[in-house]
Amino acid sequence: MNPILLFLRYLDGVVVGWITAGAQVALSQVVFYPLRWTGPAIVLLAWSRDLAWGALAGALALAAVAAVWPTLVQLAPARPWSGLLVRAVLAAMVMGGLPSLMQMLLSLNNAVVAALISGSAGTLDWSGGALAASPLMLLGLEGALGALVLYLSLWYVVRAVYVYWLAAWVPWAALGFVASGDPGVLWRPCRRLLALVLVQAAQAAGWWIAVRLVVQAASFGGMLVAAGGLWFLARIPNEVGRLGGERTLW
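Everything in this summary refers to the structure shown in the same document. (Residues numbered from 1 in each chain as written. Predicted model: local features only at pLDDT ≥ 70, side-chain atom pairs only at ≥ 80, totals over all residues. Heavy atoms only, no water.)

Okay, the overall build of the chain next. Across its full length, the chain holds 7 helices and 0 strands. Counting every position in the chain, which comprises 250 residues, the buried fraction comes to 37%. Sequence-distant contacts, at least 24 apart, represent 83% of the contacts inside the chain between residues at least 6 apart. Of the roughly 13300 Å² of accessible surface on the chain, a fraction of 73% belongs to carbon and sulfur atoms. (Helix = DSSP H or I, 4+ residues; strand = E, 2+ residues; numbered from the N terminus. Buried < 20%, exposed > 50% of the residue type's maximum accessible area, 1.4 Å probe, protein only. Contact = heavy atoms within 4.5 Å. Areas by Shrake-Rupley, 256 points an atom, 1.4 Å probe, with all protein chains shown as cover.)

In structure tokens:
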């Protein structure tokens, strides 16, 4: 084989390896950085849960007064006392177990993400036809990865804040379930919170696939498929939302 062609193949392999490795480092430090249940999240949830506990106790006291003196409290139509107690017990279980559940979900997500992004992608083996278009491929790959890292980094920051805020809202959703009797009032924010936590693992799986598509691309068409895999990373949040019954995650 032509020595120049061999050198170009080696050079392209090294450059693309640098690009993918650099992108993986950037993604692992920002987009795939472990989101832990500490600090402000603990304080915010404790504050919100304490207020919701107080509101739940007040609602039960008001319901007890209404049961004894129906004419004294006429803020809402009478409801079966047993159903209210059952909903109150379920709400109390949700409020009490939420911190441990969030810790468990985040730990599970972080473990899956770490496992998916830790493996080596392999080495490139491009054909001569692919090398003819390699400068364009490399330029496009650099641009796609740079834009992807920037977009997903901003998305990760918003996601982290939203996870903390939504977890603090769940106790009030449980209180709304007690008052209304509608399970959807509690289920909808819980479903959205679950999707927000696990979407990072879904994106890590998408990155695992995209890296291997880049490595195995032996033609310009293969690089287009790889670019599609990279673009899919930005689409994963919406896809996860749709699978969970949501149009978008926010």
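Below, the discussion takes up the nonpolar core. In this structure, Leu 35, Trp 37, Met 102, Val 163, Leu 193 and Val 197 are the most contacted members of the largest nonpolar core, which totals 32 residues. Elements with a minimum of two residues in this core: α2 (40–68), α3 (81–117), α5 (134–180) and α6 (183–216). A total of 13 residues in this core trace back to one element, the largest contributor, which is α5. Among residues more than four places away in sequence, those in contact with Val 197 are Met 102, Leu 105, Leu 106, Asn 109, Arg 159 and Val 163. If you look at the next biggest cluster of nonpolar residues, it comprises 20 residues, including Leu 27, Leu 148, Ala 201 and Leu 233. (Core = buried A, V, L, I, M, F, W, Y, C linked by side-chain atoms within 4.5 Å.)

This next bit is on a nonpolar patch on the surface. Together, Val 86, Val 89, Leu 90 and Met 93 make up a nonpolar patch on the protein surface, roughly 380 Å² of accessible area in all. Here Met 93 shows up in helix α3. (Patch = residues over 30% accessible without salt bridge, like charges linked within 9 Å, V, L, I, M, F, W, Y side chains within 5 Å. Salt bridge = Lys/Arg side-chain N within 4 Å of Asp/Glu carboxyl O.)

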